[in-house]
Amino acid sequence: MLMKDPNNTRNTAPRRGSPLWIYIVVVILLGVTACAVAFAGLTGDDLDALARTPVFWILGCFIIFGELRPIITPGSTENNGATTSTTFSFAALLYAGLPIAAALQAVAVITCGIFRGRTPHRIAFNAAQYSLSLAAAQLVLALFGDLATPTNLWVPDGADLPAIALAGTVYFICNDTLVGSAVALHERVSLVKALRWDLGYQVLVHLALLGLAPLMVIAMDRSAAFVPLIVLPFIAVYLNASVSVRREHQALHDGLTGLPNRKLLIVRTEEALAEARGAEKRAAEKRDAEKRARKKGNPENNGTESSGAENNSTESSAAENNGAEIGGKEKRSVGKLGARTGFGPRLRKSADPPKHRAGLFLLDLDRFKEVNDTLGHPTGDRLLQLVAHRLTHSVRPGDLVARLGGDEFAVLLPSVRDEADARQVAARLRAALSEPVRLDGMSFDLEGSVGIALFPDHAPDFELLLQRADVAMYNAKEARSGVEIYSARKDRNSPARLSMLGDLRRAIDRSELELFYQPKVSLRDGQLVGMEALLRWRHPDKGILEPAAFLSVAEQTYLMRSITHHVVGAALAQAAAWWREDLTVQVAVNASGRDLFDTGLTETIEEGLLARGLPAAALQLEITERILMNEPAYASDTVGALAELGIPLSLDDFGTGYSSLVRLNRLPVEEVKIDSSFVGRLAESPEDAVIVRSIIDLVRTLGLRSVAEGVEDPVTARMLRDMGCDAAQGWHFGRPMDAETATDWLRRHLQRAPEPAA
């Protein structure tokens, strides 16, 4: 039984005009030319002899059988298994010449291709590949004067063995090079690497198969009845190899989907990591050699280059410190700016990043348990088989899809350029999964969460790579983002996280956490609607850090409760100070879904309001849209208690999640904030303009206030005002300011007459 490789994508037609497509076309044309030249030399007598001689028909049957049933040994696949047709086609070449051998081999390739469901381009290439290899061997025999035809059969003797050996060698080199070149272009690797993959195995196999060809010729010349006797050893080898392969396949593959299991994934990953290490080492040696050559050619520039490097390092450090001072929830962070301009990596790293990476994905199906519980395990098994099929047809050639168990899959990328490339592959996987599935008369949608870890960026070996891909995958599930790349600050088990937690604990005690404030302005008349409090950490060594740098570390620990209570207290204290100056402004504070489970939060807010003599309307809590998807959080006692207290809620980042309008209508929300990802492209993207307008109309229908985030220019502000948006927030109206600067800003703006914001 032939084991199918689910990761084999060689049957996929190449893109027209690609290097692989051009190569295949050239080989096919050369093969057709070689066959045309060979067949042109056939005479009518040759054809009559071919039809009358039964040995050729027997030989043709064995060639077809050899193509259909290659000998697959442990460690080999359908693509590199030993095809016994090699023995019989080479024997036909020796005995009757190139036209007969090429014709029988072509018929066998076409027959095998039809039975195996191969694409026409692959069938044509294989036929041309064999024809060219046989033609090359024929040229060698012609040099020794050994040319056979159907009417002039050739039976070699001992003196002809050197010529046969050389012809066999040329046949092997030509055949292996033609196939290796196609594999190299398909897998996007070097030709040397493609040839080295199984060179030793192929040499031994072809030595045995081609070595039997002269014996086959002698047997054919004696009597056609001897030919089947030659086949008996092949049958014995085939049966033994089939048993061994079946056992190996069962040990290395998943029984349900046929995908590689964890054991084979480990082997393939270690091979990929070894290749990446070797490539990186060779690249480093090449760079060192080039550097030495430059120094030898320009000795007077050595000092200048060193000084330049120091200056660059100083500039990078200064830029990094300056970048830390800017940013915030105003949706225009230095991180995003760096990503757009290409300066980000230079600010983060002083050393050259690795050029050769490997990637490991961990993919887990969302809500698969519901399918099993609702439709039963047989349907769940069929769904897993469908998922395996979709995944293997969504990765790049050379990538490996494995099943680790249950609804968890792994994808190995032996070579990946950077995180962006890895994200593209992950996006293709999720897109393939998102196609509707119909099983047992029911149609439903699939989704998966993907965690990505890269070598050598995130881990040096398989076990750590898998562990960190697992961390990233669970981060993707928690954030409902679909795809996450491993980040040490999100890893609860990383040394960096533990160090960050220690620093953060001390930061709370030392009052290093402070609030910056950004205004929300009415688009209709320019009046101040409120100030949003944005948390910053004034780190003694790293400068001012934004929440993204440390809150994800604190979210799963007891520190989050302390930080939230600290922020609420600081915001209420600042609001009280402003109200004492008759600067009556509402202060908004961000709260996570986890904060709404804190039964002490309402008590803290109530006590803070009473102690400072503030009304409930002086404080506003902003929650993310994702909270609407969390039924327990929605029904929590905290939400009800906040509503009774009169604390208004603002729904943040609207448009990025999957809101329930029923829940939105029932929540004590007074405003909805439109996410900056839509607002920022408002003037450029008609699609985003439609989305923003729809959200504004929806919010107005519900009787709520709409606030646009990330407004950075007057054009966007004017468009939002024309759409009927109530208020806006962003750099166009004011950047995040510390308490003192914000107080001065309020004094100036609340004392002058309001004007439309545009």
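Above this text is the structure in question.
Since we're looking at a predicted model, the values are computed, not measured.

Reading guide: rules and limits
Residues numbered from 1 in each chain as written. Predicted model: local features only at pLDDT ≥ 70, side-chain atom pairs only at ≥ 80, totals over all residues. Heavy atoms only, no water. Helix = DSSP H or I, 4+ residues; strand = E, 2+ residues; numbered from the N terminus. Buried < 20%, exposed > 50% of the residue type's maximum accessible area, 1.4 Å probe, protein only. Contact = heavy atoms within 4.5 Å. Areas by Shrake-Rupley, 256 points an atom, 1.4 Å probe, with all protein chains shown as cover. Pairing = 2+ DSSP bridges. Phe/Tyr/Trp six-rings, centres within 6.5 Å; stacked < 30°, edge-to-face > 60°. Lys NZ or Arg CZ within 6 Å of the ring centre and 35° of its normal. Core = buried A, V, L, I, M, F, W, Y, C linked by side-chain atoms within 4.5 Å. Axes fitted to C-alpha atoms, helices over the stretch in contact; angles between N-to-C directions. Parallel < 35°, antiparallel > 145°, perpendicular 65-115°, else oblique. Left-handed = near helix turned anticlockwise from the far one by under 90°. Nonpolar A, V, L, I, M, F, W, Y, C, P; charged D, E, K, R; others polar. Patch = residues over 30% accessible without salt bridge, like charges linked within 9 Å, V, L, I, M, F, W, Y side chains within 5 Å. Salt bridge = Lys/Arg side-chain N within 4 Å of Asp/Glu carboxyl O.

**A look at the overall build of the protein**
Of regular secondary structure, the protein possesses 30 helices and 16 strands. Classification of the 758 residues of the protein by burial places 48% in the buried group. Put simply, of all contacts in the protein between residues at least 6 apart along the chain, 72% involve residues at least 24 apart. Carbon and sulfur atoms make up 56% of the accessible area of the protein, which amounts to about 36,500 Å² in all.

**Some thoughts on the pairing of strand E2 (residues 400-405)**
As defined by bridge partners, E2 adjoins strand E3 (residues 408-416) across 5 bridges and the pair is classed as antiparallel. Each residue of the ladder has a partner; that of Val401, found in E3, is Val411. Once E2 ends, the chain turns through 2 residues before running back antiparallel as E3, passing Gly406 with a positive phi of about 60°.

**A look at the packing of aromatic side chains**
Across all of its chains, the model carries 5 aromatic pairs by this definition. Ring centres 5.9 Å apart and planes at 55° place the aromatic pair Phe90 and Tyr171 in the tilted group. Residue Phe90 is found in helix H4 (residues 85-96), and its partner Tyr171 is found in helix H7 (residues 161-187); the two are separated by 81 residues along the sequence. By relative accessible area, Phe90 is classed as buried at 0%. The ring centre of Phe516 lies 5.8 Å from the NZ or CZ of Arg536, which sits over that ring. Above the plane of the ring of Trp731 lies Arg735, whose end atom (NZ or CZ) is 3.8 Å from the centre.

**Here we look at the nonpolar core**
Core analysis: the biggest nonpolar cluster contains 74 residues, and Met531, Phe550, Ile563, Trp578, Ile605 and Leu720 have the highest contact counts within it. The biggest single contributor to this core is helix H22 (residues 559-580), with 10 residues. Residue contacts for Phe550: discarding those within four places in its chain leaves Met500, Leu504, Leu513, Leu535, Trp537 and Leu545. Counting 57 residues, the second largest nonpolar core, distinct from the first, contains Val27, Ala136, Ala137 and Met220.

**Examining the packing of helix H1 (residues 19-40) against helix H6 (residues 120-143)**
In the contact formed by H1 and H6, the axes pass within 8 Å of each other and the chain directions differ by 50°. In this view, H1 runs oblique relative to H6, as classed from their interaxial angle. Along this stretch, H1 crosses H6, giving a crossing that reads as left-handed. Contacts between H1 and H6 pair Tyr23, Ile24, Val27, Ile28, Leu30, Gly31, Ala34 and Cys35 from the former with His121, Ala124, Phe125, Ala128, Gln129, Ser131, Leu132 and Ala135 from the latter. Its residues assigned to classes, the contact of H1 with H6 comprises 12 nonpolar, 4 polar and no charged.

**Observations concerning the sheet that holds E3**
Overall, mixed pairing links the 5 strands, which are arranged E2-E3-E1-E6-E7 in an open sheet. Both edges of this open sheet fall to E2 and strand E7 (483-485), since each of them pairs with a single strand only. Here the strands of the sheet are splayed against their neighbours by 20° on average, with no regard to which way each runs. Pairing of strand E1 (residues 357-365) with E3, which is carried by 7 bridges, proceeds in the antiparallel orientation. Paired with Phe361 across the strands is Val411, a residue of E3.

**Concerning the side chain of Ser706**
Locating Ser706 in the fold gives a position in strand E15 (residues 705-708). In contact with Ser706, not counting residues within four places along its chain, are Val672, Ile696, Val699, Gly724, Cys725, Asp726 and Ala727.

**Structural notes on the packing of H1 against H7**
One can describe the packing of H1 onto H7 by two numbers: an axis separation of 9 Å at closest approach and a directional angle of 160°. Between H1 and H7, the angle falls in the class roughly antiparallel. Seen from above, H1 lies across H7 with left-handed handedness. Taken together, the residues of H7 that come into contact with H1 (itself represented by Pro19, Leu20, Tyr23 and Val27) are Thr177, Leu178, Ser181, Ala182, Leu185 and His186.

**Notes on unusual backbone geometry**
With an omega of 5°, the peptide bond running from Phe455 to Pro456 counts as cis. Here Pro456 shows up in the loop between strand E6 (448-455) and helix H19 (462-479). For Asp582, which is not glycine, the phi torsion reads 65° and is therefore positive. Relative to the helices and strands, Asp582 resides in the loop between H22 and strand E11 (587-590). Given a relative accessible area of 66%, Asp582 falls into the exposed group.

**A short note on the environment of Ala103**
Tracing the sequence through the fold places Ala103 in helix H5 (residues 98-116). Each C-alpha atom of the pair Ala103 and Cys35 lies 8.3 Å from the other, and the pair is 68 residues apart in sequence.

**Observations concerning the environment of Ile123**
Here Ile123 is to be found in helix H6. The residues touching Ile123, leaving out its near neighbours within four places in the chain, are Val109, Ile110, Gly113, Ile114 and Arg118.

**Digging into a nonpolar patch on the surface**
Residues Phe226, Leu229, Leu232, Ile235 and Leu239 make up a contiguous nonpolar surface patch of roughly 470 Å² in combined accessible area. Within the element layout of this structure, Phe226 appears in the loop between helix H10 (213-222) and helix H11 (227-252). On the basis of relative accessible area, Phe226 is assigned to the partly exposed category, the value being 41%.

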